[in-house]
Every structure is written in structure tokens, then in C-alpha cells.
Amino acid sequence: MRVAVFGAGYAGVPLVRQLEQTLPPGDEIVVFDDSPVHVVRHEIHRVVRRPAIAEDIAVPFTDLFDRAEVRQERLADIDHEAEEATLDDGTTVEYDAAAVCTGVETEFYGLPGVREHATPLRTIAHAERIREEFLPLAEADEGEVIVGGAGLSGIQVAGELAALAREEGAEGVTIRLLEQADTVAPGFPTDIQGPLREELEARDVVVETGRTVTEADADTVSLADGTEHDYDQLVWTGGVRGTDVTDGERPVVRSTLQLGDRTFAVGDAARVIDEDGQAAPATAHTAVRQGPVAAENIARLLAHDRSGGDGFEPRLERYNYDQLGWLVSVGDGAVAKVGPTVLRGAAAYAVKSSVGAGYLTSVGAVTRAVDLVREEFGLAAGE
Ligand SMILES: Cc1cc2nc3c(=O)[nH]c(=O)nc-3n(C[C@H](O)[C@H](O)[C@H](O)COP(=O)(O)OP(=O)(O)OC[C@H]3O[C@@H](n4cnc5c(N)ncnc54)[C@H](O)[C@@H]3O)c2cc1C
């Protein structure tokens, strides 16, 4: 039987690793990803300040998988009723079970000029571009950087830029974070929103909430209240949307993660409503936990199909959203929420910094985990 997995990010990698363990040797596991490497995406903002981290967080798939075949191809469309996918080059892929784990892309909401003039932050190349755009401003020690959108990406990139400005002695550069909602980190626990704003402001990030970007040209950002801001660099972290595979939507799936009978949608690519009716947020934390649930369900369904079936579908595993905690970095600081306790300062930063390394270790990329910790803490080899 053939299982096709489209996208090997935080959702796809644990899913494939579990399938490798559980499916009989004769079953084929084929992974289609448009990237040649697995990207540890929730660390990419760090590349803005520590470019060497780029190497540690781009992991070749051969380091992660034993038996899965990986093809660098892009999924264009999936028909879960026909159990058939179409790749960008028009090739058709038939499957017995599949998982769509293609994540999301940046949403520009059709705001005039924003896509054209802003740099988003979804890839390592974006982070490198943000650094390249920023360094001349730091060298001149003047300029205005606008970051549009204060979700996890916006907060973390603003924090990195502020820390980079400090390291470069560029006190004349302003980092301004604009957010449409009346708080930073909208949609996240209310008790981390205040501390996050304070951590940003302590690093001289100018935080403006209730400020809606309506358009941009090469020099100016316009806001809904009729005001304008001149800028030298524009970073856009204002939202995400589903990929073209799902027509820009993030389809709703229930707790079994099924998009169709034998087709699953996992991680950011889907809006997952858990058993208690709770919507899981689009985070690495949830994607990593959903992957194994989908893998288990695929294994059960294929075992059922292989046995000829008895007319009854097997009982399927259900995903239950359970957030162990929250961790958001702000330059060299961080805010962590563990249970009801909110931590800040060095303790929170140490926890946050170990998360990327912990994730790499969990998927078997131990050497890279060690390298990441070294880069993070500026340690020389052997320390
Ligand atoms: C700057 C930044 C900071 C973040 N910080 C945090 C954080 O602190 N904590 C947290 O929990 N989350 C954070 N996130 C969110 C987290 O990275 C995502 O929730 C997580 O990556 C979702 O995993 P995923 O597997 O669904 O998607 P991804 O990890 O994005 O993986 C999708 C995979 O699919 C591939 N792909 C995409 N389209 C196609 C296609 N058409 N065909 C084939 N392959 C395709 C991609 O190349 C990629 O390998 C952050 C995100 C960013 C950008």
C-alpha cells in the first residue's frame, strides 16, 4: 500500500517517523516536499541576528527518515474522494492514505503595496533578507523599521532586530511594531500579553496597538486612522492563510484529523477542532502532537483495508488540544507561561532557547541540536 505525505514540517516529520515504525515493510511511504530540507521554522527569526543558525535549522531529510522516499515536488491539488493528488508538474499520485501537512503562507489581505514592498518571514531566505535590509540602517545609525503584525513572528522578529541594533550600537534606528488589535499577541493567553509588551518596550521597540495598516508604497505605510509612517524597512508578519492546495483556506478537520476517509490534514494546514470543540492554534506545539495521531489513524485504517475489512471502520485516535505552556522570545529575553506561572528573564530565555534543540533531538538530529545550542549561547566547540 502507498501512503503519500505532502509537506514535512513540524506535522509531517513526526507523522512520517511514526509511520516508518508502524507500517509493514512492504508498504510504501512517499514524502513530497517543495523544499530540499526540513526547516525548524519556529527558530527562523533568530537568523536575523545569528546568521550561522541557518545551517543548524535546515536539516536534510536523509538525517530524519530511514525508509521513506523523499521527492522534492510541490503538491498542487488533492482530491480526497478520488484518493488522488496532482503535483505542480501535472503528475498524478494515487494513494491508499495521505496526509496534507503543507503549512501556511503569509496573508497580505490584498492590502495595496504591502506584498510588493514588505519582506515577510516564512523562510530562512526571508530572515536573511531582513538582516541584509537592516544592516545598512544599523551602519548609518538612522532609519525606521516597521514590523506589521504582533503575533509570534512579529514579536520575535522585532525583538531580534532590537537586539541586533543594540549589538551594532545603532541607537538611531527605530523599530516600530504595529498591531491592529488592542494588544500584542492577540489570541494568546491574556497573562502573557502584558509581559510581552513590557519586554519589547524594555528593548526600545515602539509598540503601537489598535493601528491597522491599509496600504504601503516604497517609502510610506498608511494606517486606517488616516496617519502615515515613513519607513526605511518594512517587515510584514500580519497573518497567515492556507496554501493554494486548499485554495487559500485552512479546512476544518475534527479530532481524528480526517479531511476525507483516507486523507488527513495536519498542523497549520488545517483548522483543527478537538474532541471538546476547542480550536487548536496554528503552532509548532500543536503540529508536533497532531502528526502521531494522524500516523496512528493511517496505520489502523490500512490494517483494516489490508484485512479486507469487516464492514466496520476501526476506532480512530482523537487529537486533544493540551497546551503544556507558552514560550516567546524577545531578543535575549523571553516570556514563558508554564501552567499558571508566567516567567521572564534569563530563566525564560534558557527554556525558550532549549526548545529548538529539544525538538531537533526528538527527531533524531542530535548533532544539529548541539550546534544550535552553541550558536545560541555563543559557545566555542568543546565548551
Ligand atoms: C518566525 C516564526 C516564529 C514562530 N515561533 C513559534 C513559536 O515560538 N512557537 C510555536 O509553537 N510556533 C511558532 N511558529 C509557528 C510554527 O513554526 C508553525 O506553527 C509550524 O511550523 C507548523 O508546522 P507545519 O508542519 O504545519 O508547517 P511547516 O512547519 O511550515 O511545514 C510545512 C512543510 O510543507 C512544505 N510545503 C508547503 N507547501 C507545499 C506544497 N504545496 N507541496 C509540498 N510541500 C509543501 C514546506 O516546505 C514545509 O516543509 C513560528 C513561525 C514563524 C514563521
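Residues numbered from 1 in each chain as written. Predicted model: local features only at pLDDT ≥ 70, side-chain atom pairs only at ≥ 80, totals over all residues. Heavy atoms only, no water.

Caption draft 1: Fine view of the sheet that holds strand S18 (residues 233-236). Spatial ordering of the open sheet is given by S11-S18-S12-S13-S14, a layout of five strands whose pairing is parallel. With one partner strand each, in any of the chains shown, strand S11 (119-120) and strand S14 (205-209) form the two edges of the open sheet. As paired elements, strand S12 (residues 143-148) and S18 share four bridges and run parallel to each other. Within the sheet, the bridge partner assigned to Val-145 lies in S18 and is Gln-233. Across the sheet, helix H5 (residues 152-167) lies against S12, strand S13 (173-179), S14 and S18, angled at about 170 degrees from S13, the strand it touches most. (Pairing = 2+ DSSP bridges. Helix = DSSP H or I, 4+ residues; strand = E, 2+ residues; numbered from the N terminus. Contact = heavy atoms within 4.5 Å. Axes fitted to C-alpha atoms, helices over the stretch in contact; angles between N-to-C directions.)

Caption draft 2: How the structure looks around the layout of surface pockets. Estimated volume of the second largest pocket: approximately 150 Å³. In this structure, the second largest pocket is lined by Ala-162, Ala-165, Arg-166, Ala-170, Glu-171, Val-173, Thr-174, Ile-175, Arg-203 and Asp-204. For the lining of the second largest pocket, the secondary structure elements donating two or more residues are H5 and S13. Within the lining of the second largest pocket, the residues separate by chemical class into five nonpolar, one polar and four charged. (1 Å grid on protein atoms, 1.4 Å probe; cavity = no way out; pocket = protein on both sides within 12 Å on 5 of 7 lines; lining within 4 Å. Points joined across faces, edges and corners; volume = space filled by probe spheres on them. Nonpolar A, V, L, I, M, F, W, Y, C, P; charged D, E, K, R; others polar.)

Caption draft 3: A look at empty space enclosed by the protein. One pass over the structure, following the stated rule, counts one cavity of 30 Å³ or more. Roughly 40 Å³ of internal volume is contained in the largest cavity. Partitioned by chemical class, the residues of the lining of the largest cavity number five nonpolar, four polar and two charged.

Caption draft 4: Examining the packing of aromatic side chains more closely. According to the stated counting rule, one finds three aromatic pairs in the structure shown. With a centroid separation of 5.1 Å and 20 degrees between ring planes, the pair formed by Phe-6 and Phe-32 is classed as stacked. On the criterion of sequence distance, the pair formed by Phe-6 in strand S1 (residues 2-6) and Phe-32 in strand S2 (residues 28-32) is long-range, its members being 26 residues apart. The class for Phe-6 is buried, based on a relative accessible area of 0%. Exposure remark for Phe-32: the relative accessible area of 3% places this residue in the buried category. (Phe/Tyr/Trp six-rings, centres within 6.5 Å; stacked < 30°, edge-to-face > 60°. Buried < 20%, exposed > 50% of the residue type's maximum accessible area, 1.4 Å probe, protein only.)

Caption draft 5: Region of interest: the environment of Glu-133. Position of Glu-133 relative to the elements: it lies in helix H4 (residues 124-140). Residue classification places Glu-133 among the partly exposed positions, given a relative accessible area of 29%. Distance from Glu-133 to Ser-153, taken between C-alpha atoms, is 18 Å for residues 20 residues apart in sequence. Not counting residues up to four positions away in its chain, the partners in contact with Glu-133 are Thr-119 and Gln-233.

Caption draft 6: Structural view of the nonpolar core. Residues Ile-155 and Ile-175 are the most contacted members of the largest nonpolar core, which totals 87 residues. Mapping this core onto the domain boundaries places at least three of its residues in each of domain 1 (2-105 + 241-377) and domain 2 (109-180 + 210-236). Sequence-distant contacts of Ile-175, that is, excluding residues within four places in its chain, are made with Phe-134, Val-145, Val-147, Ala-158, Leu-161, Ala-162, Asp-204, Val-205 and Val-206. (Core = buried A, V, L, I, M, F, W, Y, C linked by side-chain atoms within 4.5 Å. Domains from an automatic or database assignment.)

Caption draft 7: Looking closely at the sheet that holds strand S17 (residues 228-230). Spatially, the three strands line up as an open sheet ordered S15-S16-S17, and their pairing is antiparallel. This sheet does not close on itself; its edge strands, each paired only once, are strand S15 (213-216) and S17. Across the sheet, the mean angle separating the axes of adjacent strands is 25 degrees when strand polarity is ignored.

Caption draft 8: Structural context of the domain arrangement of the protein chain. For the protein chain, the assigned domains are domain 1 (2-105 + 241-377) and domain 2 (109-180 + 210-236). On a C-alpha basis, the centres of domain 1 and domain 2 stand 29 Å from each other. Residue-level contacts link 20 residues of domain 1 with 18 residues of domain 2. Contact with domain 2 buries surface across domain 1, with His-45, Val-48 and Arg-49 losing the most and accounting together for 35% of the total. The interface formed by domain 1 and domain 2 includes six residue pairs in polar contact (both at pLDDT 80 or more). Broken down by secondary-structure element, the contributors of at least two residues to the side of domain 1 that touches domain 2 are strand S10 (104-106) and strand S23 (325-330). Examining the composition of the side of domain 1 that touches domain 2, we find that three residues originate from one element, S23, more than from any other. (Buried area = accessible area lost by both parts, 1.4 Å probe. Polar contact = N/O pair within 3.5 Å; in protein donor to acceptor, adjacent residues only side chain to side chain.)

Caption draft 9: A look at the packing of helix H1 (residues 12-22) against helix H7 (residues 284-306). Packing of H1 against H7 leaves a shortest axis separation of 7 Å and a crossing angle of 35 degrees. For the pair H1 and H7, the sense of crossing is right-handed. Residue-level inspection shows Pro-14, Leu-15, Gln-18, Leu-19 and Thr-22 of H1 in contact with H7, the latter providing Val-288, Gly-291, Pro-292, Ala-294, Ala-295, Glu-296, Ile-298 and Ala-299. Residues belonging to the contact of H1 with H7 are distributed by class as follows: nine nonpolar, three polar and one charged. (Left-handed = near helix turned anticlockwise from the far one by under 90°.)

Caption draft 10: How the structure looks around helix H6 (residues 190-202). In a regular helix each residue adds 1.5 Å, so 13 residues correspond to 18 Å; H6 covers 19 Å between its end C-alpha atoms and thus fits that length. Every buried residue belonging to H6 is among Ile-192, Gln-193, Pro-195, Leu-196, Glu-199 and Leu-200, and all of these are buried. Asp-204 sits one or two residues past H6 and shows a positive phi near 70 degrees. (Expected span 1.5 Å × (residues − 1).)

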